[in-house]
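What follows is each chain in one-letter form.
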Amino acid sequence: MAGYEYVSPEQLAGFDKYKVFPTWLAPNLITFSGFLLVVFNFLLMAYFDPDFYASAPGHKHVPDWVWIVVGILNFVAYTLDGVDGKQARRTNSSTPLGELFDHGLDSWSCVYFVVTVYSIFGRGSTGVSVFVLYLLLWVVLFSFILSHWEKYNTGILFLPWGYDISQVTISFVYIVTAVVGVEAWYEPFLFNFLYRDLFTSMIIGCALCVTLPMSLLNFFRSYKNNTLKHNSIYEAVVPLFSPCLLFILSTAWILWSPSDILELHPRVFYFMVGTAFANSTCQLIVCQMSSTRCPTLNWLLVPLFLVVLVVNLGVASYVESILLYTLTTAFTLAHIHYGVRVVKQLSSHFQIYPFSLRKPNSD
């Protein structure tokens, strides 16, 4: 009985022909659908937990059904992000545009993922402060760009397995939260080690113990083998200039803010930083794929610098809030414009439709 085979040879052969997606479905459409699910989760949680206090004791909690929806959609988005490349190879439609589109949207998804997860613990006595979450967001952002910085210099993209584990874990935690309630996360995980501390430790540990060592190791190997694309240290680290300056300027704004802007509008501030970061990362991805030099600085940092300068001189609270919302809107529109134009240029160059498998000359 132990060795009985329930599936016949004919059925096994049939599995070889089974495909999840139809052949007419464009890979980029799968990629974009997954991204939209991530954005939807972000907006849904923003509605029920706008200021990250919903999980704190004494506040109205996020409904259980929301956690279930977010958990399911997060897993579906992760799955779609993993199968778009397989669909491209299956339909023989792999293009540089597809790779750029995939990684470009991933760079923007970083802020959506992190900020949505924050609502599990939130802020308050049992949660994580908005400044700590800001620092954790930067750990995730730098971990992401480090992989693409590595490819910019070595030609090899290392995608850490920690990403897969984190996405599955996050989806599971969302569902568990719906079952046990956010109150369960108030209790210590081990001795006096709280779940919020576990959350923080996992993000930092994955970055310091997996992403950073592997990227530096691969960079060093390429250096020893004399296969680095850039000979000088300056040229090698150019892609990190804009992200580092973004971190300095945004942190300076937080520290100099007369109205404590991060406490006042944490979600908008995170989104502003994440969008500016995504734009710089997309420019790096374009350069690494085209084997061209990465821009030294991103022009989006100019208005940010001016805003930080004005804030440091002293402004009213409502003026600072207006500046934040205006800057966030400008960054968002600029990044969308950049993405749309790049997609159109590459689509024209390769003579393809970005969301269809049909060729322009086949109409």
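Just so it is clear, the model here is predicted, and its values are computed rather than measured. (Residues numbered from 1 in each chain as written. Predicted model: local features only at pLDDT ≥ 70, side-chain atom pairs only at ≥ 80, totals over all residues. Heavy atoms only, no water.)

### Things to note about the overall build of the protein chain
In step 1: A tally of helices and strands in the protein chain yields 13 helices and two strands.
In step 2: Taking 21 Å as the expected radius of gyration for a compact globule of 363 residues, we find that the protein chain reaches 22 Å, a close match to that expectation.
In step 3: Its C-alpha atoms put the protein chain at 70 × 55 × 50 Å along the principal axes.
In step 4: Expressed as a percentage of the 363 residues in the protein chain, the buried residues total 47%.
In step 5: If you take every contact in the protein chain between residues at least 6 apart in sequence, the share linking residues at least 24 apart comes to 81%.
In step 6: In the form shown here, the protein chain has an accessible surface area of approximately 18500 Å², with 68% of it arising from carbon and sulfur atoms.
In step 7: Of the charged side chains in the protein chain, 18 are positive and 21 negative; the average position of the first set lies 11 Å away from that of the second. (Helix = DSSP H or I, 4+ residues; strand = E, 2+ residues; numbered from the N terminus. Rg over C-alpha atoms; globule rule 2.2 N^0.38 Å. Buried < 20%, exposed > 50% of the residue type's maximum accessible area, 1.4 Å probe, protein only. Contact = heavy atoms within 4.5 Å. Areas by Shrake-Rupley, 256 points an atom, 1.4 Å probe, with all protein chains shown as cover. Lys, Arg positive; Asp, Glu negative; His and termini not counted. Charge placed at Lys NZ, Arg CZ, Asp CG, Glu CD.)

### Considerations on the nonpolar core
In step 1: Counting residues in each nonpolar core, the largest one holds 81 residues, and the members touching the most others are Tyr112, Trp253, Phe269, Tyr270, Met272 and Leu304.
In step 2: Residue contributions to this core peak at 14 residues, all from helix 4 (residues 96–121).
In step 3: Not counting residues within four places of it along the chain, the set of residues in contact with leucine 304 comprises Leu246, Leu249, Trp253, Met272, Leu327 and Phe331. (Core = buried A, V, L, I, M, F, W, Y, C linked by side-chain atoms within 4.5 Å.)

### Quick word on the pattern of salt bridges
In step 1: Applying the stated rule across the entire model yields four salt bridges.
In step 2: For arginine 123, the salt bridge identified is with glutamate 263, shortest N-O distance 2.9 Å. Of this pair, arginine 123 sits in the loop between helix 4 and helix 5 (130–154) while glutamate 263 is found in helix 10 (residues 261–264), placing the two residues 140 residues apart along the sequence.
In step 3: Aspartate 197 is the salt-bridge partner of arginine 196, the closest N and O atoms lying 3.9 Å from each other.
In step 4: For arginine 196, a relative accessible area of 21% puts it in the partly exposed group.
In step 5: Judged by its relative accessible area of 26%, aspartate 197 falls in the partly exposed class. (Salt bridge = Lys/Arg side-chain N within 4 Å of Asp/Glu carboxyl O.)

### A short note on the environment of phenylalanine 350
In step 1: The residue phenylalanine 350 is located in helix 13 (residues 317–350) in this model.
In step 2: With 253 residues separating them in the primary sequence, phenylalanine 350 and leucine 97 have C-alpha atoms 8.5 Å apart.

### Remarks on the packing of helix 4 against helix 11 (residues 266–290)
In step 1: Where helix 4 meets helix 11, the axes come as close as 9 Å, and the angle between the chain directions of the two elements is 160°. Judged on the interaxial angle alone, helix 11 and helix 4 are roughly antiparallel. Crossing angle aside, the handedness with which helix 4 passes helix 11 is right-handed. Contacts between helix 4 and helix 11 involve Pro96, Glu99, Leu100, His103, Gly104, Ser107, Trp108, Val111, Tyr112, Val115, Tyr118 and Ser119 on the former and, on the latter, Arg267, Tyr270, Phe271, Gly274, Thr275, Phe277, Ala278, Thr281, Cys282, Ile285, Val286 and Met289.
In step 2: For the contact of helix 4 with helix 11, the residue count by class is 15 nonpolar, seven polar and two charged. (Axes fitted to C-alpha atoms, helices over the stretch in contact; angles between N-to-C directions. Parallel < 35°, antiparallel > 145°, perpendicular 65-115°, else oblique. Left-handed = near helix turned anticlockwise from the far one by under 90°. Nonpolar A, V, L, I, M, F, W, Y, C, P; charged D, E, K, R; others polar.)

### Section: helix 3 (residues 64–90)
In step 1: The terminal C-alpha atoms of helix 3 lie 39 Å apart, and with 27 residues this matches the ideal 39 Å at 1.5 Å per residue to within 8%.
In step 2: At valine 83, helix 3 shows its strongest bend, of approximately 35°.
In step 3: Positioned one or two residues after helix 3, asparagine 92 has a phi angle of 55°, which is positive. (Expected span 1.5 Å × (residues − 1). Bend = angle between axes of the 7 residues up to and from the residue.)

### What about the packing of helix 5 against helix 11?
In step 1: Packing of helix 5 against helix 11 brings their axes to within 10 Å, and their N-to-C directions diverge by 5°. On the basis of their axis angle, the class for helix 5 and helix 11 is roughly parallel. Together, Val130, Leu133, Tyr134, Leu137, Trp138, Leu141, Phe144, Ile145, His148, Trp149, Lys151 and Tyr152 of helix 5 and Pro266, Phe269, Tyr270, Val273, Phe277, Thr281, Leu284, Ile285, Cys287 and Gln288 of helix 11 make up the contact between the two elements.

### A word on the packing of aromatic side chains
In step 1: Summed over the entire model, instances satisfying the criterion amount to 30 aromatic pairs.
In step 2: Summarising the aromatic geometry, the rings of phenylalanine 32 and phenylalanine 101 are spaced 6.2 Å apart at their centres and angled 40° between planes, so their arrangement reads as tilted. Taken as a pair, phenylalanine 32 in helix 2 (residues 27–48) and phenylalanine 101 in helix 4 lie far apart in primary sequence, 69 residues in all.
In step 3: Of the residues examined, phenylalanine 101 reaches a relative accessible area of 12% and is grouped as buried.
In step 4: Among the aromatic residues, those joined into a cluster by ring pairs are Phe32, Phe35, Phe42, Phe101, Trp108, Tyr112, Phe271 and Phe355.
In step 5: Here arginine 267 stacks its cationic end above the ring of phenylalanine 42, 5.4 Å away from the centre of that ring. (Phe/Tyr/Trp six-rings, centres within 6.5 Å; stacked < 30°, edge-to-face > 60°. Lys NZ or Arg CZ within 6 Å of the ring centre and 35° of its normal.)

### Notes on helix 9 (residues 241–256)
In step 1: For helix 9, spanning 16 residues, the distance from its first C-alpha to its last is 22 Å, which sits close to the expected 22 Å at 1.5 Å a residue.
In step 2: Listing the buried residues of helix 9 in full gives Ser242, Pro243, Leu246, Leu249, Ser250, Thr251, Ala252, Trp253 and Ile254.
In step 3: On its buried side, helix 9 packs onto helix 5, helix 10, helix 11, helix 12 (301–313) and helix 13.

### A word on the confidence of the model for the protein chain
In step 1: This prediction gives the protein chain a mean pLDDT of 89; 95% of its residues lie at or above 70.
In step 2: Confidence, read as mean pLDDT per element, is least for helix 1 (residues 9–17) in the protein chain (69) and greatest for helix 9 (96). (pLDDT = per-residue confidence, 0-100.)

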